[in-house]
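# Structure assessment
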Amino acid sequence: MESVSVQNQTKMRSTREDLVLSILPLLKLICLTVIGLILARPRTQLIPKATFKLLSKLVFALFLPCLIFIHLGETITLKNFVRWWFIPVNVILSTVIGCVLGLLVAKICRPSPEYFRFTIIMTAFGNTGNLPLAIVASVCHSAENPFGPECNKTGTAYVSFAQWVAVLLVYTLVYHMMEPPMEYYEVVEDGTEIQEQVSTTTNDLSRPLLVEAEWPGMEDRETEHCKTPLIARVFQSASSLSQSSIPESDSLEERDPATAPRSPKSLRCLAEPRMVRRIRIVAEKTPLLHILQPPTFATLLAFFVGMVPPVKSVVYGDDAPLSFITDSLEILAGAMVPSVMLVLGGMLAEGPTESRLGIRTTIGIVIARLLVLPLVGIAVVYLADKSNFLIPGDQMYRFVLLLQYTTPSAILLGAIASLRGYAVREASALLFWQHVFAVFSLAIYVIIYFKMLLSYV
């Protein structure tokens, strides 16, 4: 009887310790967010919005690149690059599954037709960058963390390794899915000029903080067709739109009529099939060059330095000749997590904006993104583990994969909405409510993940 009692007490103590280990990291992040919320509170506004926007730019241009370069570069090798293949694949899988859930939400909740694609993409694309990095850093902050002494370095490397494919998805799938519907525009007689009906804001300080919270300066990188329904115009049926009205990639440029017939591009367009021509036009107008931002450069540089041993030995390590540079960058990287959470608090302090999305659709997206998708993620990671796709015995690897299904929609979607001039208020309101309820959903699922992963340790 005594041995049974001792075993029960041990189990209770173990369960209590697991709860503490899983809850404390989130409580730390919540405290940082609350501090940001208090500082940005509109009534007191101890720190103005301009300061929060400047802080978000520092995160984007300095703190985050330093964090990526320090931890990813030190951990990555050619062997690890191959072993970690499932991380970017998992980002794509989570997005595809999210699209399916978003389609179900749109079919069940029946939002206004203009928000059909918006509902799908807001359910599909989660935060794979700043928030997972903050969670990993908070989990690994304690010396008693269950993932070992290399917890922070490996966890940050895993999250950073996923960012390049996430950014690529943003400027391809997300960019075109957030295209304004044709109902927002008026096609004039010649079919080549489109008059925008949505008013855009030019004052930087009047825009919501979420526009600058994760990808500052995105709206300053507007392209020629970023606020027009390009795909809808290009792929519209010939019965409603003539072939001549399909916008060419250089249609707005002045050309000499005498030289136009001899233009190689004109001859190519005459020779190529109509579908190929349409796909080419859309591809040419996809702003892929915009992915070349400081975090992307930091990732590419980390790949180069980390996978070339002679260069790596000069940069990383206590005895490396350039160790003083990496030490300086590591000090700057330490400011990343608190800054991100302060900016998130400032964003939440603005409160929800008016939205025409509808309560039913908003609730449907929140439930699908925060409650249903993580359950599917558990099944995906479990099947991948059973199929020997994952690194044996690496629980942090599995934790990062699970987090990719658990976070709320990416704040970056608010910036994309603003860039494309479409559903900005709806994105702001939805992101606000998602992050509020994510406090509870993350707490629940982090407890579940810890219970699952620690049982194998």
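Residues numbered from 1 in each chain as written. Predicted model: local features only at pLDDT ≥ 70, side-chain atom pairs only at ≥ 80, totals over all residues. Heavy atoms only, no water.

- An unreviewed UniProt entry lists the chain under the name Protein PIN-LIKES 2, with Sesamum alatum as the source organism.
- Looking at the Subcellular location (unreviewed entry) heading of the UniProt record, one finds this comment for the chain: "Membrane". (UniProt positions renumbered as here; feature names shortened; annotations may be inferred.)

## Here we look at the overall build of the chain
- Per the secondary structure count, the chain includes 19 helices and two strands.
- Long-range pairs, those at least 24 residues apart, make up 83% of the contacts in the chain with a sequence separation of at least 6.
- For the chain, the exposed area adds up to about 21,500 Å²; of that, 66% sits on carbon and sulfur atoms. (Helix = DSSP H or I, 4+ residues; strand = E, 2+ residues; numbered from the N terminus. Contact = heavy atoms within 4.5 Å. Areas by Shrake-Rupley, 256 points an atom, 1.4 Å probe, with all protein chains shown as cover.)

## Here's the deal with the nonpolar core
- Residues Leu-72, Trp-84, Phe-118, Met-336, Met-396, Tyr-397 and Phe-399 are the most contacted members of the largest nonpolar core, which totals 111 residues.
- At 15 residues, helix 7 (residues 151–177) tops the list of elements feeding residues into this core.
- Apart from residues no more than four positions distant in its own chain, Met-336 is found in contact with Val-59, Phe-63, Leu-64, Leu-67, Asn-130 and Leu-133. (Core = buried A, V, L, I, M, F, W, Y, C linked by side-chain atoms within 4.5 Å. Buried < 20%, exposed > 50% of the residue type's maximum accessible area, 1.4 Å probe, protein only.)

## Observations regarding the state of the cysteines
- If you walk through the whole model with that rule in mind, you get one disulfide.
- Bridging Cys-140 to Cys-151, the disulfide has an S-S length of 1.7 Å. Measuring the twist about the S-S bond at about -60 degrees, one finds the Cys-140-Cys-151 disulfide to be left-handed. Here the residue Cys-140 occupies a position in the loop between helix 6 (130–139) and helix 7, and Cys-151 occupies one in helix 7, the gap between them amounting to 11 residues. Considered together, Cys-140 and Cys-151 belong to a single accessibility category, that of buried residues. (Disulfide = S-S within 2.5 Å.)

## What about helix 5 (residues 116–124)?
- The buried fraction of helix 5 is high, at seven of nine residues.
- Of the positions making up helix 5, those classed as buried are Phe-118, Thr-119, Ile-120, Ile-121, Met-122, Thr-123 and Ala-124.
- In the core, the buried residues of helix 5 are packed alongside helix 4 (86–109), helix 7, helix 16 (359–386), helix 18 (412–420) and helix 19 (424–454).

## A closer look at the side chain of Asn-90
- Relative to the assigned elements, Asn-90 resides in helix 4.
- Of the polar contacts made by the side chain of Asn-90, one reaches the side chain of Gln-404; its length is 2.5 Å.
- The contact partners of Asn-90, leaving out residues within four places of it in the chain, are Val-380, Leu-401, Gln-404 and Tyr-405. (Polar contact = N/O pair within 3.5 Å; in protein donor to acceptor, adjacent residues only side chain to side chain.)

## A closer look at unusual backbone geometry
- With a phi angle near 50 degrees, Arg-110 is a residue other than glycine that sits in the positive phi range.
- Along the chain, Arg-110 falls in the loop between helix 4 and helix 5.
- Assessed through its relative accessible area of 68%, Arg-110 is described here as exposed.

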